[in-house]
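# A closer look at the structure
Listed below are the residues making up each chain.
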Amino acid sequence: QVQVVESGGGLVRPGGSLRLSCTVYGVIFGTVILGWYRQGPGQQRELVASITGYGYTNYADFVKGRFTISRDDGKNTVYLQLNMLEPADTAVYYCNVNALISWGSSREAYWGKGTLVTVSS
């Protein structure tokens, strides 16, 4: 059974940092293409950053060098380091995982339940 578990959210002051984690169970982790998305109050869900199995990364323009996505295949985990946080970064952050559950299977996509990041003084 595939599980996608986000953690690391919380309340932080403007200019602060957080590290989000997304741990994935039940897939071949080397095949994972993972995207971090976020959805702010009254807003649509948007892509923040993504990383492939080869480590290629992609970032939304609004990240502006503040966030870093990375992966630790030994821990089945992808991280999103959030630095220089702004109130506009307040949102629920979600993982979207695209992966194989076994060799020969088709790629499937899975969402986590999200972790809340609140940036406020």
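Let us look at the structure shown here.

Conventions adopted
- Residues numbered from 1 in each chain as written.
- Predicted model: local features only at pLDDT ≥ 70, side-chain atom pairs only at ≥ 80, totals over all residues.
- Heavy atoms only, no water.
- Helix = DSSP H or I, 4+ residues; strand = E, 2+ residues; numbered from the N terminus.
- Rg over C-alpha atoms; globule rule 2.2 N^0.38 Å.
- Buried < 20%, exposed > 50% of the residue type's maximum accessible area, 1.4 Å probe, protein only.
- Contact = heavy atoms within 4.5 Å.
- Areas by Shrake-Rupley, 256 points an atom, 1.4 Å probe, with all protein chains shown as cover.
- Lys, Arg positive; Asp, Glu negative; His and termini not counted.
- Charge placed at Lys NZ, Arg CZ, Asp CG, Glu CD.
- Disulfide = S-S within 2.5 Å.

Moving on: the overall build of the protein chain. Summing up its helical and strand segments, the protein chain has 0 helices and 11 strands in all. In terms of C-alpha radius of gyration, the protein chain reaches 14 Å, essentially the compact-globule figure of 14 Å for 121 residues. Oriented by its inertia axes, the alpha-carbon framework of the protein chain measures out at about 50 × 25 × 25 Å. Relative to its full complement of 121 residues, the protein chain shows a buried share of 40%. For the protein chain, long-range pairs separated by at least 24 residues make up 55% of all intrachain contacts whose partners lie at least 6 apart in sequence. Counting only carbon and sulfur atoms, one obtains 49% of the accessible surface of the protein chain, whose full area is about 6500 Å². Distance from the positive charge centre (10 side chains) to the negative charge centre (8 side chains) of the protein chain: 4 Å.

On to the side chain of Ser50. Within the secondary structure, Ser50 sits in strand β5 (residues 46–51). When its relative accessible area of 18% is taken as the criterion, Ser50 is described as buried. Setting aside its immediate chain neighbours within four residues, Ser50 contacts Leu34, Gly35, Tyr56, Thr57, Asn58 and Ile69.

A word on the state of the cysteines. Under the defined criterion, the tally for this structure stands at 1 disulfide. Residue Cys22 pairs covalently with Cys95 via a disulfide, S to S 2.3 Å. Taken together, the residues span a long stretch of sequence, with Cys22 in strand β3 (residues 18–25) and Cys95 in strand β9 (residues 91–99) at a distance of 73 residues. Per residue, the accessibility class of Cys22 equals that of Cys95, and both read buried.

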